[in-house]
Amino acid sequence: MTEQINQSEILFERAKKVLPGGISRNTIFKLPHPDYVEKGEGCIVTDINGKEYIDFANNMASLIHGHAHPVITRAIIEQVSKGTAFTMASEVEIEFAELLCSRVPGFEKIRFVNSGTEAVMAMIKSARAFTGKAKIAKVEGAYHGAYDYAEVSQTANPNNWGDEDKPNSVPVAVGTPEKALDDVIVIPYNNTKKALEILNQHQGEIAAVLLDPVSHRVGMVAAEDEFVEALYKWTREQQALLLFDEVITFRVGFGGAQQRYKVSPDLTAMGKMIGGGFPVGAFAGRSDVMSVLDPLQPKVLLPHSGTFSANPVTMVAGLTAMKLFDHKAIEKINLLALKTKVLISHSIEKVGIKACVTGEGAMLRVHFKSQAPTNYRQSFLNEDEAKALKIVLTHANEQGIMLINTCSMMLSTVMTINEIEKLVQVLEQGFELVAKQLPSFKRYR
Ligand SMILES: Cc1ncc(COP(=O)(O)O)c(C=O)c1O
């Protein structure tokens, strides 16, 4: 029998000669080689070797309707045939802005950019321009993209994160300016008392507090009402702003994850799924704050542009995708996610391993811990937990289940209970492998 040639292996060898590490983004890196895509349709992705996967990663939560959705595809093709980018504004940009602003009461004005990173960056710069202050505060471990300030402490670990009562500002990249670290105040998640104590040490200096209301890296647990309300109140008292990063979490509800709170952020960053599969970012909120961008003002406090911002292809794709993501679709996908959570929890119980599942809306994350973490330090993986994670991820990949590499799942609206049952079956097999290979994970011994 002839051995099948692995096309991904061949492509990776070629890629390493021209791309650092053979890749353009670390997210998809894995050894012995990344998987290379051939095509996607609905919730199925086929790799270059012809192997099929049920896609629970959805390009890191950016595809809410799966791949090549026929309605979105038709709309894109029509726009592409008319041109893709112009030194002109477009009507579809206004229509998309109207649609997003109509979904969230606090969205008085919106500006489009090209990625979540850019949205968070421009939102922070807007807050600085509005308040005239430089510092921001953010939650330890929260991921907000690659802006120097937003990424502080994103990869903090037990060797450098310091005292829990006063977390260090830890750089991600070597060479990060000290000034950037000094200008980012790190607060612990969902710990109102400690967070306020830290913030109070910087009264008068902070432009904004940045918060992801269900941060993936911090454990995928929702920010508590008390925490959000306290940050809101503190920012009012301090003439500072409350900024939400809803780049992932906007999928949680019709008006994003923020709709569940009594208070609203001043500005919100979005990205990922609002682009209908194309690169996108946006930030929206209070009209008076957004006026820092307004060229109709006598003085523009934050001059801001972007060559591909609001290009009509992204606008058409995003508008079509978000129209399809209506109340009915959201209710359906969130219910399916709830069922998934229950089924995964049953499997964990049945196998009897130390694991649990967290998540909101159609996002879920399995932790190899007995109890759901409530902050970054608790969700941080020790060596054994990292081994357990690897066992499950490897098994899932072999069995054609594509997960995000934290063992997280982002459902899409085209999924049915059939895909969920397959997912749960494969995860359960993975849990059994963990119990067998790492006996310390057995709950009942
Ligand atoms: C919460 C959050 N904010 C910002 C970003 C950055 O978005 P992008 O990768 O589009 O730059 C991400 C990306 O994963 C994210 O998860």
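Residues numbered from 1 in each chain as written. Predicted model: local features only at pLDDT ≥ 70, side-chain atom pairs only at ≥ 80, totals over all residues. Heavy atoms only, no water.

So, on to the packing of helix H11 (residues 327-351) against helix H14 (residues 417-437). Where H11 meets H14, the closest approach of the two axes is 9 Å, and the angle between their N-to-C directions is 25 degrees. In terms of orientation, H11 lies roughly parallel with respect to H14. H11 and H14 meet at a crossing whose hand is right-handed. Contacts between H11 and H14 pair Leu-336, Lys-339, Thr-340, Leu-343, Ile-344, Ser-347, Ile-348, Lys-350 and Val-351 from the former with Ile-417, Ile-420, Leu-423, Val-424, Leu-427, Glu-428, Phe-431, Glu-432 and Ala-435 from the latter. Residues of the contact of H11 with H14, tallied by class, amount to 12 nonpolar, 2 polar and 4 charged. (Axes fitted to C-alpha atoms, helices over the stretch in contact; angles between N-to-C directions. Helix = DSSP H or I, 4+ residues; strand = E, 2+ residues; numbered from the N terminus. Parallel < 35°, antiparallel > 145°, perpendicular 65-115°, else oblique. Left-handed = near helix turned anticlockwise from the far one by under 90°. Contact = heavy atoms within 4.5 Å. Nonpolar A, V, L, I, M, F, W, Y, C, P; charged D, E, K, R; others polar.)

Moving on, we get to the sheet that holds strand S1 (residues 37-41). Spatial ordering of the open sheet is given by S1-S2-S3-S13, a layout of 4 strands whose pairing is mixed. Of all the strands in the sheet, the pair left with one neighbour each is S1 and strand S13 (401-402). Sheet analysis places strand S2 (residues 44-47) next to strand S3 (residues 52-55), joined by 3 bridges and oriented antiparallel. The residue of S3 that forms the bridge with Thr-46 is Glu-52. (Pairing = 2+ DSSP bridges.)

What follows concerns helix H1 (residues 7-16). Where H1 is concerned, the buried positions are Ser-8, Phe-12 and Ala-15. In an axial view of H1, the angular spread of the buried residues amounts to 65 degrees, which keeps them on one side of the axis. Where H1 begins, one side-chain oxygen reaches toward the backbone nitrogen of Ser-8, 2.9 Å away; that side chain belongs to Asn-6. (Buried < 20%, exposed > 50% of the residue type's maximum accessible area, 1.4 Å probe, protein only. Arc of directions from axis to C-beta. Polar contact = N/O pair within 3.5 Å; in protein donor to acceptor, adjacent residues only side chain to side chain.)

Turning to the pattern of salt bridges, a few remarks are in order. Pairs can form between side chains of opposite charge whenever their charged atoms are close. Taken as a whole and assessed by the stated rule, the structure comprises 17 salt bridges. Residues Lys-262 and Glu-229 are paired through a salt bridge, measuring 3.9 Å at the closest nitrogen-oxygen approach. Taken as a pair, Lys-262 in the loop between strand S8 (241-245) and strand S9 (267-271) and Glu-229 in helix H8 (residues 225-237) lie far apart in primary sequence, 33 residues in all. Overlapping salt bridges, with partners in common, bring together Arg-236, Asp-266, Arg-286 and Asp-288 in one network. (Salt bridge = Lys/Arg side-chain N within 4 Å of Asp/Glu carboxyl O.)

Contacts to the ligand come from Ser-115, Gly-116, Thr-117, Tyr-143, His-144, Gly-145, Asp-212, Asp-245, Val-247, Ile-248 and Lys-272. The separation between a nitrogen atom of the ligand and a polar side-chain atom of Asp-245 is 2.7 Å. Measuring from an oxygen atom of the ligand, one finds a side-chain N or O atom of Lys-272 at 2.7 Å. Protein contact buries 81% of the 390 Å² of open area that the ligand shows by itself. Counted by class, the shell around the ligand contains 3 nonpolar, 5 polar and 3 charged residues. (Near = heavy atom within 4 Å. Areas by Shrake-Rupley, 256 points an atom, 1.4 Å probe, with all protein chains shown as cover.)

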